[in-house]
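Structure assessment
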Protein chains: 2
Amino acid sequence: MDMRDIAKIAGVSSATVSRVINGSPLVRPETAERVQRVIEKTNFVPNGSATTLKYGRSSTFGLIIPDITNPFFPELIRCFEAILVSNDQDMLMATTDFQPAKLQRTIRRMLIRKVDAVALLAAEIETQPIESLMHNRVPLVTLDRRSIARGVSDVAVEYLSGMKQAVEHLKRLGHRRIGYIGGSLGLTISEHRVEGFRTAIEEAGLKYDPKFVLPGNYRISGGEAGMREILAMKTRPTAILATNDLTAIGAMRVARAQGVGIPEEISIIGFDDIELCEIVYPALTTLRLPRQELAQALFRALDVLAKHPHGRGHQSMVSSTLVIRDSTGPALRDRKSASK
Amino acid sequence: MDMRDIAKIAGVSSATVSRVINGSPLVRPETAERVQRVIEKTNFVPNGSATTLKYGRSSTFGLIIPDITNPFFPELIRCFEAILVSNDQDMLMATTDFQPAKLQRTIRRMLIRKVDAVALLAAEIETQPIESLMHNRVPLVTLDRRSIARGVSDVAVEYLSGMKQAVEHLKRLGHRRIGYIGGSLGLTISEHRVEGFRTAIEEAGLKYDPKFVLPGNYRISGGEAGMREILAMKTRPTAILATNDLTAIGAMRVARAQGVGIPEEISIIGFDDIELCEIVYPALTTLRLPRQELAQALFRALDVLAKHPHGRGHQSMVSSTLVIRDSTGPALRDRKSASK
DNA sequence: ATGAAAGCGCTAACAG
DNA sequence: CTGTTAGCGCTTTCAT
């Protein structure tokens, strides 16, 4: 069943059917209505691949994320999908699991599918996949790479102000030794985050101590490993910032398992503000990264690029704000190590 | 850049290029290699929409889920996506948020995109969207509708054995009054689950008491509401089965907030075994629904249907098993209501 | 082993 | 206002 069939039944040409479907004003209302009725009666659905072939555009945006298992991403996907749907776009979603090879293949699949744009939230250091998109003139928006180009925009997270709020909050509670459990080594995003932390610490007049800065993996297990290491130190920090909420939650679990009270003995602050923060015990103090805003920024960036294919990309910013819950409290009086 | 361009550079025809790309044996190895080199040198990526137009198939499967915010689904999506990718299929994912109107539009978009098959994990009572897929000969697999047809398979969850394990576990702990917080009213899946519960209770020789059976919404808030109602009862159940883990977690939160000890005063069992179960305190006893198996079953069902477009669908089953953690314990001695 | 050509369904330029 | 037609890029039969 194609437009020609509809045309035949309605006694018009396929061009007219096309016009009706696309809401062209160049059709007499009665004709349009007649065609419309046939479409409805036959449940006709146009074949999008023909349109895609003709236009070279598919009304589909690609969304590439590292790990759908991190609740931050489902929440973001949800916002992004809603925006796409209300703009008559479909979403091709793919997960990389932090594997460059997977990213490579994913991008290839997206090129084949002629996606109109790609939001890449899983940019490793590698720039090859990005070049491959640029080469094919596919608008691209990255998260927190802080590098833009022709057809490539970036949405960065303004870490500093949030980190400063967090550090100030801890300082006011009497904390002086603040540790950090970060993300995987070798990702630009991880570096930006530690940098933000370092600057915030220094601007607060505290000492940045690399001993207290550990890598993680953006998952619970990374937070667990980090916390284990911290608890084994002779002199340990009295508060910890984690690179994301999962990391913080992992850290809290280990603390609890070892009988270290939170926030009595160690305060913990996360990042993202996933729903879990409220569910976990104690409820996690965190820096909220607004998903709706982020999704909007990503979409807008792509939309602009799609409309001005020759334009240079834009750098935009989303900032984070402190949400105080129960995982932060007054610093333990300054002893070597804590004991109940 | 299309196949003709490649052909020109390699000094062959576009038909040969097509053969090379599709690995046809009808090409002399040297020719193939020459073409291959040109393809690599130019970074050529074929235009999938032309293939889709030609074949009427897009190598894309649709996946429709109700709520990506429920961690069960990301975990499932992950498995499903992995299976698809290793079968050279793309995934078009969409969320319905339990809204029939959204489902309707989603299915239309999938028909336009010529998806090869759809896994519908969000089937409300409505059958209209299903019919629309059947009408367009799109293989479909549903979750737990327990109704199959030409081109429509179903993967059901075998609730009874899991529920029986759960009830037996509780009975052994001395529980006699077991309550249930279910899903949204009016969904077939909700009904199958309560039925499983009821049968399990009766087969264990306990009394099924409708007073203790409350509806929910598959989210935390539903569990909270249910638990609030239960805690307000003069005689209340000493244990509760929840229709999924989020519901159970909501119930636990309310219990904690009201100072009701878990499992000391009320035992709780969830369903799904999402990662959260281990993170929450106390760790949640639950019925594990194996995602990998479920994803496999969904894919296999679609794969079979896609290969035998005229075949009748199959009914398959996935079962659940009890995972005992810390949210279940001995029943409180039988008093009217519990007090610390 | 390779090439020529038709056709998948839709759209837009052009003609009327 | 409506119809005719070419062409988007790929695959595949049919020729050679």
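Residues numbered from 1 in each chain as written. Chains lettered and ligands numbered in written order. Predicted model: local features only at pLDDT ≥ 70, side-chain atom pairs only at ≥ 80, totals over all residues. Heavy atoms only, no water.

It is worth spelling out the overall build of chain A at this point. Looking only at helices and strands, one finds 13 helices and 12 strands in chain A. Here the C-alpha atoms of chain A give a radius of gyration of 25 Å, more than 25% beyond the 20 Å that 2.2 N^0.38 yields for 340 residues. Reported as C-alpha extents along the three principal axes, the dimensions of chain A are approximately 90 × 35 × 30 Å. Taking all 340 residues of chain A together, 56% fall into the buried category. (Helix = DSSP H or I, 4+ residues; strand = E, 2+ residues; numbered from the N terminus. Rg over C-alpha atoms; globule rule 2.2 N^0.38 Å. Buried < 20%, exposed > 50% of the residue type's maximum accessible area, 1.4 Å probe, protein only.)

Okay, the protein's contact with DNA strand D next. In the region of DNA strand D, 25 residues are neighbours, and Arg19, Arg28 and Thr31 of chain A together with Met3 and Tyr55 of chain B sit closest. With respect to DNA strand D, the side chain of Thr31 of chain A contributes an N or O atom lying 2.4 Å from a phosphate oxygen. Mapped onto the surface near DNA strand D, the elements with two or more residues apiece are helix 2 (14-21) and helix 4 (48-55) of chain A together with helix 2 (14-21) and helix 4 (48-55) of chain B. For the surface near DNA strand D, the leading source of residues is helix 4 of chain B, giving 4 residues. (Near = heavy atom within 4 Å. Polar contact = N/O pair within 3.5 Å; in protein donor to acceptor, adjacent residues only side chain to side chain.)

This part takes up the pairing of strand 8 (residues 239-242) of chain B. Residues and elements named next belong to chain B. Side-chain alternation along strand 8 places Ala239 and Leu241 on one buried face and Ile240 and Ala242 on a second face that is also buried. Judged from the 4 bridges that link them, strand 6 (residues 178-181) and strand 8 form a sheet pairing that is parallel. Opposite Ile181, over in strand 8, you have Ala242 as the bridge partner. Bridge analysis of strand 8 against strand 9 (residues 267-272) gives 3 bridges, and the strand direction is parallel. Each residue of the ladder has a partner; that of Ile240, found in strand 9, is Ile268. (Pairing = 2+ DSSP bridges.)

So, on to the sheet that holds strand 7 (residues 213-214) of chain B. Residue and element names in this part refer to chain B. The strand order across the open sheet built from 6 strands is 7-6-8-9-10-12, with neighbouring strands paired in mixed fashion. A strand with exactly one partner marks an edge of an open sheet, and here the two such strands are strand 7 and strand 12 (321-323). When strand 10 (residues 285-288) meets strand 12, the two strands line up antiparallel, connected through 3 bridges. Bridging across to strand 12, Leu287 finds its partner in Leu322. Sheet strands touched by helix 11 (residues 245-257): strand 6, strand 8, strand 9 and strand 10. Its angle to strand 9, the strand with the most contacts, is close to 155°. (Contact = heavy atoms within 4.5 Å. Axes fitted to C-alpha atoms, helices over the stretch in contact; angles between N-to-C directions.)

Okay, the packing of helix 2 of chain B against helix 3 (residues 29-42) of chain B next. All names here are of chain B. Where helix 2 meets helix 3, the closest approach of the two axes is 10 Å, and the angle between their N-to-C directions is 85°. Taken together, the axis directions place helix 2 and helix 3 in an arrangement best described as roughly perpendicular. Residues Thr16, Val17, Val20 and Ile21 of helix 2 lie in contact with helix 3, whose contacting residues are Thr31, Ala32, Val35, Gln36 and Ile39. When its residues are assigned to classes, the contact of helix 2 with helix 3 shows 6 nonpolar, 3 polar and no charged. (Parallel < 35°, antiparallel > 145°, perpendicular 65-115°, else oblique. Nonpolar A, V, L, I, M, F, W, Y, C, P; charged D, E, K, R; others polar.)

On to the interface of chain B and chain A. The interface of chain B with chain A comprises 46 residues on the first partner and 46 residues on the second. For the pairing of chain B and chain A, the buried interface totals around 4300 Å² over both sides, and the portion due to carbon and sulfur atoms is 54%. Three residues, Arg78, Asp90 and Ile279 of chain B, lead the burial of chain B against chain A; their summed loss comes to 14% of the area buried on that side. For the pair chain B and chain A, the number of links is 8 salt bridges. The closest approach of N and O atoms between Arg113 of chain A and Asp90 of chain B, which form a salt bridge, is 2.2 Å. Connecting chain B to chain A are 16 residue pairs in polar contact (both at pLDDT 80 or more). Secondary-structure elements contributing two or more residues to the side of chain B that touches chain A are helix 4, helix 5 (72-86), strand 2 (90-95), helix 6 (100-112), helix 11 and helix 12 (276-279) of chain B. Across the side of chain B that touches chain A, the residue classes break down as 21 nonpolar, 12 polar and 13 charged. (Buried area = accessible area lost by both parts, 1.4 Å probe. Salt bridge = Lys/Arg side-chain N within 4 Å of Asp/Glu carboxyl O.)

Residue and element names in this part refer to chain A. In the contact formed by helix 5 (residues 72-86) and helix 13 (residues 291-307), the axes pass within 9 Å of each other and the chain directions differ by 50°. Here helix 5 is positioned oblique relative to helix 13, judged by the angle of their axes. You can see that helix 5 and helix 13 cross each other, and the crossing is right-handed. Contacts from Phe72, Glu75, Leu76, Cys79, Phe80, Ile83 and Leu84 in helix 5 reach Arg291, Gln292, Leu294, Ala295, Gln296, Leu298, Phe299 and Leu302 in helix 13. Its residues assigned to classes, the contact of helix 5 with helix 13 comprises 11 nonpolar, 2 polar and 2 charged. (Left-handed = near helix turned anticlockwise from the far one by under 90°.)

Glancing now at the pattern of salt bridges. Residues and elements named next belong to chain A. Evaluated as defined, the whole model comprises 38 salt bridges over all chains. When the shortest N-O distance is used, the salt bridge between Asp273 and Arg288 registers 2.9 Å. Here Asp273, found in the loop between strand 9 (267-272) and helix 12 (276-279), pairs with Arg288, found in strand 10 (residues 285-288); they are 15 residues apart in sequence, far enough to count as distant. For Arg288, a relative accessible area of 31% translates into the label partly exposed.

It takes a turn of 180° to lay chain B on chain A, together with a shift of 0.0 Å along the axis; the resulting RMSD is 0.1 Å. In short, the pair behaves as if placed about a two-fold rotation axis. A high fraction, 100%, of the interface residues of chain B reappear at the interface in chain A, so the copies pair face to face through one surface. (Least-squares fit on C-alpha atoms with pLDDT ≥ 70 in both.)

A few words now on the confidence of the model for chain A. Model confidence for chain A is summarised by a mean pLDDT of 93, while 97% of its residues fall at 70 or above. Contacts from residues 335-340 of chain A, a stretch scored under 50 in pLDDT, to residues over four places away or in other chains number 11 contacts. (pLDDT = per-residue confidence, 0-100.)

Attention now moves to the environment of His169 of chain A. Residue and element names in this part refer to chain A. Note that His169 resides in helix 8 (residues 159-172). Judged by its relative accessible area of 7%, His169 is buried. Along the backbone, His169 and Leu322 are 153 residues apart, and their C-alpha atoms lie at a distance of 8.8 Å. For His169, the contacting residues outside a window of four places in its chain are Ile269, Thr285, Leu322, Ile324 and Thr328.

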